[in-house]
Amino acid sequence: MKCHSVAALWSPSPPSHHVTAAAATPAALFTGAADGTVLHWPLDPASPPPSPRPTSLLCAHAAAITALCPLPTPASLLASCAAGVLSLFSASAPLRCLRRRSLPPWAGSPSLIVPLPSSSSSSSASNPRVAILCHAPDDGHRHVSSVVVVDARTLAVLHTAFHGPLSIAPPTAIAVCGGDAVSVVLADAQGRVQVVPVSEGESVEGDSPRRLSMSSSSSIVSMDSADGRVEAVTLSDDGKVVALVLKMRCLFKCVAEGAVLGEVSLVGTSLWKDDMAGENGCIAGGLFLSGGECEAPVSDGGVVVRRLVLWSRNGAAVVYRVTIGSTSFELEAACEIPGILSTQGEGWTVQFCQSDRRLVRVQSLSYKVAGSLLWKPVVSIWSMDQLEQNTVNNTESLPSSKMLGEGGLQGEEFRSEPLYSQCDSDNVVEVSSPMLTSTSNGLEGFGRTVSSSMVLSENSYEPYAVVYGFHNGDIEVIRFLNVSPAAAKFGGGGIYPHISERFFLGHKRAILCLAAHYMHAHSDSRKFHRALISGSLDCTIRIWDLDAGTLLSVMHHHVAPVKQIILPPAWTHHPWNDCFLSVGKDGLVALVSLETMRVERMFPGHPAYASMVAWEGVKGYIACLCRNLHSCNDSGSVLYIWDLKTGARERIIKGTASQSVFEHFCRGISKNAVTGSILGGTTSASCLLVPIFKDTSHLQSHANKRSHEISSVSTKHHTENTVSVAFSGPTMYDIKGKTPAPDEALEYHGDSSIHDSGKAISSHSVNKRRKCLIKCSCPYPGIASLRFDLTAIMSTQGMTNNNSDRQWRDHLGCEDGKASSQSRNSDGTSGIHEMDSPSRESLEGRLLRFSLCFLHLWDVDRELDKLLVDEMQVCKPEGCHIATGVVGDRGSFTLTCPGKEATLQLWKSSAEFCAMRSLSIVSLAQRMITLSRSCTNASSALAAFYTRHFAEKVPDIKPPSLQLLVSFWQHPSEHVRMAARSLFHCAAPRSIPEPLRMNKNRPADLLLSPSDNMNNLISAVQSASVSSYGQLKADGQNIDKDDCETADINAWLESFESQEWLSWIGGTSQDAVASNIIVAAALVVWYPSIVKAKLANLVVNELIKLVMSMNDRYSSTAAELLAEGMESTWKACLGADITHFVSDVLFQIECLSAAPPSSAMHKTAVAVTMREALVGTLLPSLAMADIMGFFGVIESQIWATSSDSPVHVASLKTLIRVVRGAPKALAPYLDKAISYILHTMDPSNLIMRKACIISSMMALREMARVFPMVALNESMTSLAVGDAIGEIHNATIRVYDIESVTKIRILDASGPPGLPSLLAGSSNTTATILITALSFSPDGEGLVAFSENGLMIRWWSLGTAWWERLSRSLTPIQCTKLIYVPPWEGFSPNTARLSIISSILGHDKRGSSETKTKELEGTDNLKLLLHNLDLSYRLHWVGGKAIRLTRHGQELGTFQL
């Protein structure tokens, strides 16, 4: 199971957000931007916020957002971008990305999305569908468009409704026309309309589209273009009416007939005034509103009422009420929204969208920073029902709508940062302060907007610095000194989250790409070891010494902005491993050497910017894809393949095949990646730019054939339509064939000196062991995400901080490597070798502290925060804004905006997030307890806070998801298992599923105690008798209610759909059903008073099926729950079926022990775990619940299975655990237990004896240790077993010879000798305690027995002559000597000798006790005897003729024999 936690690092300045698409629901507003970001703005339907602000950033796209489509049931959001990527987000918190897929290349770029009505088919009814319009111009005159129908849940293309040239221009509006045949209505910017029928079809994803000709009946041109210039076009929801907004009027036309329904003049309104006749006064758009009067039924006269809002470029809007009838048309202005009074900046764009009875105006204001155009959004909310009071009575103008709130992205969470002026290229400004504040020098934050960023990691274990490139050309490096002790050289020592800054100044314009590279080869003439490479909008590349902070070189080989810096892959040989590729917007790709500081190769001739570049390091090839997102012809996209070593162009591939070949090229490299691969460098590449591979099932068969790696490819972060894709490290695939997040494979090795292919091959085995424990990525400029993998972090147990890079460098290094190392050590400058110095604490401790720094929710419990700082030395990181987030599908993220309120809102709204984050923190805290004793108090307080105290301080937080928690009960780490169970116990009373919860209005049936008020009982019975008929009727209703409750419980147990928590852990529908069963069973066992009584009977059979299903995640847990609740709960539910269940479990054990094939290593580990759970936990509990049935089953297995069957050994081990767990319950069946053990040692069956001899002897020794009435001689050749409980007439002791497994003696231990007549006539036939303790003499020729019932010690002399062994006489032998033991102090007289004799003689004093004993049932008498059975008596030999009697280790007396 996956358990990932995400922390977000926001730069101090707000990011740019140019809105290109907007959509609203009654509860939220979503805005998509040109850089691919989607912001979530919560809108409370009851009380809108006075200052709306975004709370979440949805990260799933790297190109401009083209459409946002809210889906109603279940609530979700579908987004599309210009790169052809679709993403589906849940509309409720935490707005996690549920699906992320790519459209087929032939479809083109999506532009419009509209939801389709549900179909009559069952499959379509369960999953909603959407129609997506995609278009791609073949050339300057002809357009190829596609209308594809997509499943809105799986994002799979169901069928293609249209593919080919449209009869109209590229559409700008889309709607759905319902009825018998569903059609999609498209309208272009000139008002022409085309109708495309949507028919059912099969999925065609990945296949060629079905091309339709222009004369096909699937498209109908219903209207001619309107006269005059059309400013805006909008369609009604039903697709029947189109509104054409001209410069001075608005026309309404019927789509089906093309007739003009009516028109309205815009002159004199706020949309058209004399002083606004310029460009800013033109109409910007229109929108038909839904809901309210629009959904009213059509009257008899065919009159339909609609509402329309039109807005101008300055933000002014007017809401119209349109009444359209068969012969009538009326239009009335309802209210208006004032325009923007004063605007600042270079320009703005305006959009409107509807949120229930409110209108939301979204403005994007632009401003310039160092020549770059940036955007900030402003959102205002307007009510259509509430009007301003000062405008209601004004008859000369329309009433103005009331503004409910206005806000933007910039708030208190973003503060201005100090500006450092431009300096000479060699100047480096360095600042070191305990806490970075926003007003350190009081300067404004102009130019401090981030344009590119990346995260630096120390040995790939944890990040230690963030690098920001700004629009004004500055580069800032912020180092977390608490992470790496070696980083203290940049700003001083200390373990607290101290921030050290370093600025690299020299670029004149925005930084577009960054990269950090560690040098492999070393030269005496060169002093730097780590290089920082930056590409800028000023067309230059600058190379910096990252350690010393000096400028090394400036390169001018590009004549356009530098968009990408690509570092060599991990397996690139010298000298190519110290080179990088630069990709410019001029179409040039150049190879630059960091050793020579020269351009070694140029790859010119690309027709456009090579947005996607991959570097294959073993054979030395690069693939450059010049991709046009709006083209699907042969000249649209071109793939160039170059030989890196010679500079020759090997292949040119054009058309749609270019993208397929490029993906195949990347798959061919990545499919041979080893687990724990190494990234050759760190770049500013976004994880969202990696292509989404659809089919990866064939990768596993070739996973180990070659050792190729995909190279690191960086990209620019810029707000343009072209998409720049980058690959960082090898793309890995899990066992299910799914592509993980691109940064899952990232791993950094800081000191690998690989000089030739031999060294590279040698280091391969070392690099395989390296794991990237904390994944770092920058999905957008200025926003970094740290993903903590709980499983990987907990697997570092026992790891020290010995620098492994140095170890395998010394192991692999040659003389040159040693010399270079010595030269570096002797050098006076601060080099990277300082980073390799060992730390005082272990690597695991550093990882745990670092993780807690970013995952803990600070400023909620001040006392806990202070304790963490003082005792654990864990502090809140400063210098950047810390937020949280969740991991989505295929590398996507959802990050909260800075601020505690946004994070708390996530805790209050998502049970899955609460479970994942609490599980991670509590597991880390418990691990810290075992790692460091000094952190015990702080770690315990931290674990207690997230299990109990957090809910007390913030009462409205969501309880953790129980199903998600039980998924980690079988986690490999003990600390994770403990944390999951602790959280479950604390959350269970608050989060019991509704179908399982006990009805509080219906009290449980309880037995009346003697102290109950009988008068109330009588009156209640009388009242019931009076209304007997009504009671019978109520009983019938209760029966129906019980049936409904049973159906609800069964439906919940078997439910597997719409389980969002499954995607959090990577589970399947089978996991959903199994988790429901585990949750129900755990509640029955641990919380029976708050769940329904019938739940136990309904879940027990499902629990047994889960045990027998051999599920590697849940079967062991199910076995444990069955074992834990067997005596209290499941025994009454199963009854006689326990015997059959024991037989099934034994059969399952035999199946598990079968020899697996060599390729089933994973299944073998699962089988071992399951066998341990069955044998060690479940079988002993079943045997204790029905001991007689257990012996019957295991005795039958001797004849029903083979002699070497593992069932026999499992039965012996189970018997040992029963002896240890419930010895008193086994006491009446000692003879059966001994008989079975001896049967497995039968010398006539050598196969069984060989397989079971060790377990059999262990069982005998264990029985002799636990039961004092079972004895073994010192040579382990003789065994004596006495009757623990039985009738006093038939008390015997049986002596066995272990070698021959035969019975050799029967010793008579019946009532007091010399009084046979009294025993015969006593009529005492009830069972009693007989033999209490046995012991062989040291020489083995005698046997001593002690009976607490009568306080007697008997002695038998066992003959050892050969003729006595041959006789094998089984006649009971009387004892040789009898000794009466005097009562000791504190001895109870109920079992004394005098009490027994007086009972035999019929003494009157014990008459009442005898009468009461006779009245007891046999079972009750046996329970009483077992309760009084004392197994603490022991007989110890003193010398050769004396015996010592002890009880609970205390001596009771020594007796001479």
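Within each chain, residues carry numbers counting from 1 in the order of the written sequence. Owing to the predicted nature of the model, reporting of local features is limited to residues with pLDDT of at least 70; listing and counting of side-chain atom pairs is limited to 80 or more, with chain, interface and lining totals taken over all residues. By convention in this description, side-chain values take in all heavy atoms of the structure and omit both hydrogens and water.

> Explain the pattern of salt bridges to me, using residue names and the numbers behind them.
Salt bridge criterion: a side-chain nitrogen from Lys or Arg within 4 Å of a carboxyl oxygen from Asp or Glu. Summed over the entire model, instances satisfying the criterion amount to 23 salt bridges. Residue Asp889 pairs with Arg101 through a salt bridge whose shortest N-O separation is 2.6 Å. Of this pair, Asp889 sits in the loop between strand S50 (881-887) and strand S51 (893-896) while Arg101 is found in strand S9 (residues 97-102), placing the two residues 788 residues apart along the sequence. Each member of the pair, Asp889 as well as Arg101, carries the same accessibility label: buried. Taking the shortest distance from any N to any O, the salt bridge between Lys1094 and Glu1045 comes out at 3.9 Å. Placement of the pair is Lys1094 in the loop between helix H18 (1069-1086) and helix H19 (1095-1108) and Glu1045 in helix H16 (residues 1028-1053), with a sequence separation of 49 residues. A run of DSSP states H or I qualifies as a helix once it reaches four residues; a run of E qualifies as a strand once it reaches two. Both are numbered from the N-terminal end. Partly exposed describes any residue whose relative accessible area lies between the buried limit of under 20% and the exposed limit of over 50%, with all areas from a 1.4 Å probe on protein chains only and scaled to the type maximum.

> Describe the packing of helix H22 (residues 1137-1152) against helix H24 (residues 1187-1200), listing the residues and the values that go with them.
Axis definition: a line fitted to C-alpha atoms, limited for helices to the stretch in contact. Angles are taken between N-to-C directions and run from 0 to 180 degrees. It is the contact of H22 with H24, at a shortest axis distance of 9 Å, that shows an interaxial angle of 40°. Between H22 and H24, the crossing angle belongs to the class labelled oblique. Every pair of crossing elements has a handedness; the one defined by H22 and H24 is right-handed. Contacts from Thr1139, Val1142, Ser1143 and Leu1146 of H22 reach H24 at Gly1189, Phe1190, Val1193, Ile1194 and Gln1197. In this classification, the charged set is Asp, Glu, Lys and Arg, the nonpolar set is Ala, Val, Leu, Ile, Met, Phe, Trp, Tyr, Cys and Pro, and all remaining amino acids, among them Gly, are polar. Looking at the contact of H22 with H24, its residues break down into five nonpolar, four polar and no charged. Roughly parallel covers angles under 35 degrees, roughly antiparallel covers those over 145, roughly perpendicular covers 65 to 115, and oblique covers all other angles. Note: crossing handedness is left-handed where the near helix turns anticlockwise from the far helix by less than a right angle, and right-handed where it turns clockwise. When checking whether two residues touch, look at their non-hydrogen atoms; a contact exists if any pair is within 4.5 Å.

> How would you sum up helix H20 (residues 1115-1124)? Please name residues and give values.
Within H20, eight of the ten residues are buried, leaving the element largely enclosed by the surrounding structure. Turning to H20, its buried residues are Ser1115, Ser1116, Thr1117, Ala1118, Ala1119, Leu1121, Leu1122 and Ala1123.

> Just give me the short version of the side chain of Asp865, but keep the residues and values in it.
Examined against the element boundaries, Asp865 turns out to sit in helix H9 (residues 862-872). Charge assignment: positive for Lys and Arg, negative for Asp and Glu; neither His nor the chain ends contribute. Buried charge Asp865 goes without a salt bridge, the closest partner of opposite sign being Arg862 at 5.2 Å.

> Now, about the pairing of strand S40 (residues 579-584): what can you tell me, with residues and values included?
Of all six residues in S40, six are buried, a share of seventy percent or more. At least two DSSP bridges between two strands are needed for those strands to be called paired. Taken together, the four bridges between strand S39 (residues 562-566) and S40 define a ladder with antiparallel strand orientation. Each residue of the ladder has a partner; that of Gln564, found in S40, is Val583. Relative to strand S41 (residues 589-593), S40 is paired through five bridges, and the arrangement is antiparallel. Along S41, the bridge assignment pairs Val583 with Val589. As consecutive antiparallel partners, S40 and S41 are separated by four residues, and within that stretch Gly587 has a phi angle of approximately 85°, a positive value.

> Give a detailed account of the nonpolar core, specifying residues and quantitative values.
We call a set of buried residues a nonpolar core when its members are Ala, Val, Leu, Ile, Met, Phe, Trp, Tyr or Cys and they connect through side-chain atoms within 4.5 Å of each other. With 192 residues, the main nonpolar core has Phe950, Phe984, Trp1130, Leu1260, Phe1267 and Ile1293 as its most contacted residues. Counting residues per element, this core draws most heavily on H18, which supplies eleven residues. Excluding residues that lie within four positions of it along the chain, Ile1293 makes contacts with Ala1280, Val1281, Gly1282, Arg1305, Ile1306, Leu1307, Ala1309, Ile1331, Leu1334, Leu1343, Ala1345 and Trp1356. Ala8, Trp10, Ala24 and Cys59 belong to the second largest nonpolar core, which has 26 residues in total.

> Break down the sheet that holds strand S38 (residues 551-555) for me, with residues and values.
Pairing is antiparallel across the open sheet formed by five strands, whose spatial order is S38-S37-S36-S35-S47. Lying at the two open borders of the sheet, with one neighbouring strand each, are S38 and strand S47 (682-683). Pairing geometry for strand S37 (residues 541-545) and S38, over four bridges, is antiparallel. Each residue of the ladder has a partner; that of Arg542, found in S38, is Val554.

> Outline the confidence of the model for the chain, listing residues and values.
Should the pLDDT be low somewhere, the predicted coordinates at that spot are not to be read in detail. Per-residue confidence from the predictor is reported as pLDDT, which spans 0 to 100. Of the residues in the chain, 72% have a pLDDT of 70 or more, and the chain-wide mean is 76. Note that pLDDT drops below 50 for residues 631-635; the model gives that stretch eleven contacts with residues more than four away or on any other chain. Predicted confidence is poor over residues 1315-1324, with pLDDT under 50, and the contacts of this stretch with residues over four places away or in other chains come to nine contacts.

> Quick rundown of helix H21 (residues 1126-1134)? Include the residues and the values.
The set of residues buried in H21 consists of Met1126, Thr1129, Trp1130 and Leu1134. Projected down its long axis, H21 shows its buried positions confined to an angular sector of 120°, all on one face. Facing away from the buried side of H21 by more than 90 degrees, the exposed set consists of Glu1127, Ser1128 and Ala1132. Where H21 ends, the next residue or the one after it, Gly1135, has phi of about 65°, a positive value. Directions are taken from the helix axis to each C-beta atom, and the arc is the one they span.

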